[in-house]
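Observations on chain architecture
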Amino acid sequence: MTRLIVWRHGNTDWNAANRVQGQTDVPLNDLGREQARAAAPLLAALRPDAIVASDLSRAAETAAALAAVTGLTVRTDARLRERHFGRWQGLLLTEVAERFPAEYARWRAGDPDPGSEIETLDDLGKRVGSALIDAAEAAPGGTVVAATHGGGARQGMGHVLGWDAAVLRAVGSLQNCHWSELRHDDVRGWHLRAHNVGLIVAPAVADAL
């Protein structure tokens, strides 16, 4: 049985501000690095055989925390990048709603192709899903950890599992530094075993509020 752990990266300043990251290369913040360090021993206990990550630094940094514990080398794959958000990248969601009200409404409603040069959900799922399958096939019968992004994780897993858009709309997003577990065997094929697993690491609170 092959096990695939799909792991979302840790927190960034843009996550905290509700700013659209997409494929902009935004690093982890202090909270994100703490989340990755806290999650690493839990994932190391699963005895991974390989680690693969998006080449965007927030995912690569997250994967590096696990590599530091396991001694494994991180392989990067650009196909694991987040959805490209076109003209929205770098904007606050409030700014998106003001500048692109029609496209924003379609996106909120789950339109797979809302416009504004945003990558379609179908293209995203196929891109990330193919990277996940290739990563798993590189370690048949083993455990592979793939560090990726929230939207990419959901659509990529949907592609691997063969789920349609209606099912995926009902699946909650991964929290920062949480993961899902997929397994494959010759009888059942790919199936979901766990979703949104991880520790809640709260931001540090200042001494004086």
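See the structure printed just above.
In short, a report on the structure. From a predicted model like this one, the values you see are computed outputs, not experimental measurements.

1. Notes on the nonpolar core
Residues L4, V6, L132, L182 and W190 are the most contacted members of the largest nonpolar core, which totals 20 residues. Of all elements in the fold, only β1 (2-8), α6 (121-137), β4 (143-148) and α7 (150-161) reach the threshold of two or more residues within this core. For this core, the element with the highest residue contribution is α6, accounting for six residues. Leave out the neighbours within four places in its chain, and L132 touches L4, V6, L80, A146, G156, M157 and V160. One finds A36, A40, V145 and C177 within the second-largest nonpolar core, a separate group that totals 17 residues.

2. Thoughts on the pattern of salt bridges
Tallying each qualifying case throughout the model produces ten salt bridges. In this structure, the salt-bridge partner of D77 is R79, at a minimum N-O distance of 2.8 Å. Overall, R79 belongs to the partly exposed group, its relative accessible area being 28%.

How each quantity is defined
- Residues numbered from 1 in each chain as written.
- Predicted model: local features only at pLDDT ≥ 70, side-chain atom pairs only at ≥ 80, totals over all residues.
- Heavy atoms only, no water.
- Core = buried A, V, L, I, M, F, W, Y, C linked by side-chain atoms within 4.5 Å.
- Buried < 20%, exposed > 50% of the residue type's maximum accessible area, 1.4 Å probe, protein only.
- Helix = DSSP H or I, 4+ residues; strand = E, 2+ residues; numbered from the N terminus.
- Contact = heavy atoms within 4.5 Å.
- Salt bridge = Lys/Arg side-chain N within 4 Å of Asp/Glu carboxyl O.

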